[in-house]
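Overview (structure and organization)
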Amino acid sequence: MKVFYNICSYFLVIIMATQISFAQNKERKDVPEKYKWDNSIIYKSVDEWNKDKEAIQAQIESLKSFQGKMGKNSELFYTTLRIYFDIYKLYYKLSDYAFRTADEDLRISANQSLNQISTTIGTKLGEAASFINPEILSMDAERIKKFFDEKKELSEFKFYISDILRLRAHTLSAREEEILASAGLITSTPSELHSIFYNAEKPNPKIKLSKGEQVELNSAAFNKYRTVQNRKDRELVMRSMFENYKKYQNTFGANLAGKVRGDYFYAKNRKYETVLESSLNSNNIPVSVYENLISQIHKNLPTLHRFLKLKAKMLGIDKLHYYDLYVPLVKSVDFKYNVEEGQKLLLDVFKPMGQEYVSTVKKSFDEKWIDYIPSNGKRSGAYSSGAQYDLHPYILMNWTDDFESVSTLAHELGHTMHSYYSNKSQSFVDAQYATFVAEIASTINETLLNNYMVNKVKTDEEKLYLLGSYLDLLRTTIFRQTSFAEFEWEIHKKIEKGEPLTGEDMSKIYYDIVKTYYGNDNGACIVDDYIAYEWAHIPHFVNYTYYVYQYSTSLIYATALAEKIVNEGQPAVDKFYNILKGGSSAYPIDLIKKAGLDPLSSEAFDLTMAKMNKVMDQMEEIIKKKKK
Ligand SMILES: [Zn+2]
């Protein structure tokens, strides 16, 4: 899967609840121009946009006329690919403008219709181009090599073609492909069923908190009330939530088993031994990367246990329970930053990335790549879009004058720099980077911001807050997501071995994993029996296949690379540019290797755990000093 559009979140929120923000009472026309992006450089007017729209529609028709001719000679082979990628490039420009314009105010239906038109064109383009891969695959390797020898311009498509040929053994006949594609109508059922039952039809538990407050525990209320200071209340919240899932574990289980069987149906028919192999192969990621993640994290569980014991100490709790995990370690600190202060801070924060990087970030501020201020109807949240190739990426923000805003901007700037340098360094064909590397640059930026702030803030409270939130991020992203990855693997193995898989089996598998991770037996954190049903609460299992492990690997690689950048300086930065500029010119694993890390070794894990231990040393020192 290639990424040109990042909506980022390390949290398990998959449905964007409200996409339109209405609470601001500020209209876009009242926002000063300097806080708005300038998308008039893409198209000056809708008339110009319409001209390209018509050009694309005509080109799509012309692409269709090449069907059945690619294998005839090198000229036709080249021309087909040339036209296809040229349309795609123009289409990205067209849709970038439509989406950016629509997001400014989602209430304006004229802009929404630009959006819909470009989506429809995208579908038509996909359909028109659907002959390309099968035609390439129907040619023998000799003939393709001959074409490359004859027509030098084909070298631009070398990696693209070799990647299609790599999957030859797993590509079926046209008729079989058609059958697999149509099975999607059936195999999407578990996800649909889950969405309806989980969000709408499942009754939520109703509880009464110690102060008499009545709460219905939907997902939002659960996320809020599991963080309360009153320990009895948060215990009640977590127990009630998960015991409720126990009532439906057979339903959730049968549904998830259906999803896993669907995964296996595709993998088996595509001639893979396992779903894991099939999922990872789309980006040519070896299964050993996944195995290495899980075994390395197991090896490093003592570091998590140290954190859990520190957490217990800071919360003044004798025996930490799972329901204590979401209470903030320290009271949150109110950092205030307006846009200008945030920009100034980040230019300082990014200094370890070198002058080149800092000046590009400055350029993004000066040349209006970013839309900062929330206004009525504007899309909520934040994203970076590097879709169009010739100009520059755009960032949407909803700035609220706090540290969260600075941190989000740092993150989105990572995506933007990645897109900018990849677009600048690679041909359009190889410019879009894979999901596996997509969160590395963004996370490095957040890490640099955190490092910088820890050194800059004056009070112990502020330091503890920053260090504590950082550790919580490592716990939830690295350890928790890896435990999910392990659960996903275990349930798939059951189906692949032909064993039964019920909701009860899932609860047992899940409970064993969580007990191991959280050190139930060595007393680091007590995992009460109702935690066994938590898997039913995680929508990712039924909505995605082998996706969540990338949250974990991204943060591990980013932490390790940030450590190298801070310790080694420019030579490490230079290596990191291999990812920034790499696009998809090589497979993700090779790009990470070029950046100075081997995903199959323990190095990234060792560096990350050393960093985590260093942060805990810092915290313990502050706590000791405070006690004196
Ligand atoms: Zn992101």
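In this text, all values refer to a predicted model and were calculated from it rather than measured experimentally. (Residues numbered from 1 in each chain as written. Predicted model: local features only at pLDDT ≥ 70, side-chain atom pairs only at ≥ 80, totals over all residues. Heavy atoms only, no water.)

**Things to note about the overall build of the protein**
Tallying secondary structure elements over the protein gives 26 helices and 8 strands in all. Radius of gyration (C-alpha) of the protein: 26 Å, near the 25 Å computed for a compact globule of 628 residues. Of the contacts formed within the protein by residues at least 6 apart in sequence, a portion of 78% connects residues at least 24 apart. When the 82 positive and 82 negative side-chain charges of the protein are each reduced to one mean point, those points stand 3 Å apart. (Helix = DSSP H or I, 4+ residues; strand = E, 2+ residues; numbered from the N terminus. Rg over C-alpha atoms; globule rule 2.2 N^0.38 Å. Contact = heavy atoms within 4.5 Å. Lys, Arg positive; Asp, Glu negative; His and termini not counted. Charge placed at Lys NZ, Arg CZ, Asp CG, Glu CD.)

**Section: the domain arrangement of the protein**
The domain boundaries assigned to the protein delineate domain 1 (37-171) and domain 2 (189-332 + 478-547). Contact residues are listed per partner, giving 5 residues for domain 1 and 7 residues for domain 2. For the pair domain 1 and domain 2, the two sides together bury roughly 510 Å², of which 35% comes from carbon and sulfur. Our count for the domain 1 to domain 2 interface comes out at 0 salt bridges. At the boundary of domain 1 with domain 2, the tally comes to 4 residue pairs in polar contact (both at pLDDT 80 or more). Classifying every residue of the side of domain 1 that touches domain 2 gives 2 nonpolar, 2 polar and 1 charged. (Domains from an automatic or database assignment. Buried area = accessible area lost by both parts, 1.4 Å probe. Salt bridge = Lys/Arg side-chain N within 4 Å of Asp/Glu carboxyl O. Polar contact = N/O pair within 3.5 Å; in protein donor to acceptor, adjacent residues only side chain to side chain. Nonpolar A, V, L, I, M, F, W, Y, C, P; charged D, E, K, R; others polar.)

**Describing the packing of aromatic side chains**
This model, assessed by the stated rule, comprises 41 aromatic pairs. Pairing Tyr 84 with Phe 85 gives two aromatic rings, centres 5.0 Å apart and planes at 65°, and the pair type is edge-to-face. Accessibility expressed as a relative area gives 8% for Phe 85, which makes it buried. Aromatic side chains Phe 242 and Tyr 245 sit 6.3 Å apart centroid to centroid with 40° between the ring planes, which places their arrangement in the tilted category. Taken together, the positions of Phe 242 and Tyr 245, both in helix α10 (residues 231-247) and 3 residues apart, correspond to about one turn of that helix. In terms of burial, Phe 242 and Tyr 245 fall into one category: buried. Ring pairing ties together the aromatic residues Tyr 78, Tyr 84, Phe 85, Tyr 88, Tyr 91, Tyr 92, Phe 157, Tyr 160, Tyr 389 and Phe 428, which thus form one cluster. Across the ring face of Tyr 326, the terminal group of Arg 226 is positioned such that the distance to the ring centre comes to 3.7 Å. Positioned above the aromatic ring of Tyr 326, the side-chain terminus of Arg 475 is 5.0 Å from the ring centre. (Phe/Tyr/Trp six-rings, centres within 6.5 Å; stacked < 30°, edge-to-face > 60°. Buried < 20%, exposed > 50% of the residue type's maximum accessible area, 1.4 Å probe, protein only. Lys NZ or Arg CZ within 6 Å of the ring centre and 35° of its normal.)

**With respect to helix α6 (residues 158-166)**
Listed in full, the buried residues belonging to α6 are Tyr 160, Ile 161, Asp 163 and Ile 164. For α6, the angular spread of the buried residues around the axis is 160°, confining them to a single face. (Arc of directions from axis to C-beta.)

**Looking at the side chain of Gln 388**
Along the chain, the position of Gln 388 falls in the loop between β6 (383-385) and β7 (394-396). For Gln 388, a relative accessible area of 3% translates into the label buried. Here Asp 96 takes part through its side chain, which lies 3.3 Å from a polar atom of the side chain of Gln 388. A distance of 3.2 Å separates a polar side-chain atom of Gln 388 from the backbone oxygen of His 392. Residues contacting Gln 388, with those up to four places away along its chain left out, are Ile 42, Tyr 92, Lys 93, Asp 96, Tyr 394 and Asn 423.

**Points about the packing of helix α16 (residues 355-366) against helix α17 (residues 403-425)**
It is the contact of α16 with α17, at a shortest axis distance of 11 Å, that shows an interaxial angle of 105°. Considered as vectors, α16 and α17 are oriented roughly perpendicular to each other. Residue-level inspection shows Glu 356, Tyr 357, Thr 360, Val 361, Lys 363, Ser 364 and Phe 365 of α16 in contact with α17, the latter providing Leu 409, Leu 413, Gly 414, Met 417, Tyr 420 and Tyr 421. (Axes fitted to C-alpha atoms, helices over the stretch in contact; angles between N-to-C directions. Parallel < 35°, antiparallel > 145°, perpendicular 65-115°, else oblique.)

**Quick word on unusual backbone geometry**
We note that Asn 284 has phi near 55°; this positive angle belongs to a residue other than glycine. Here Asn 284 lies in the loop between α12 (275-281) and α13 (287-299). Phi is positive for Lys 368, which is not a glycine, with a value near 60°.

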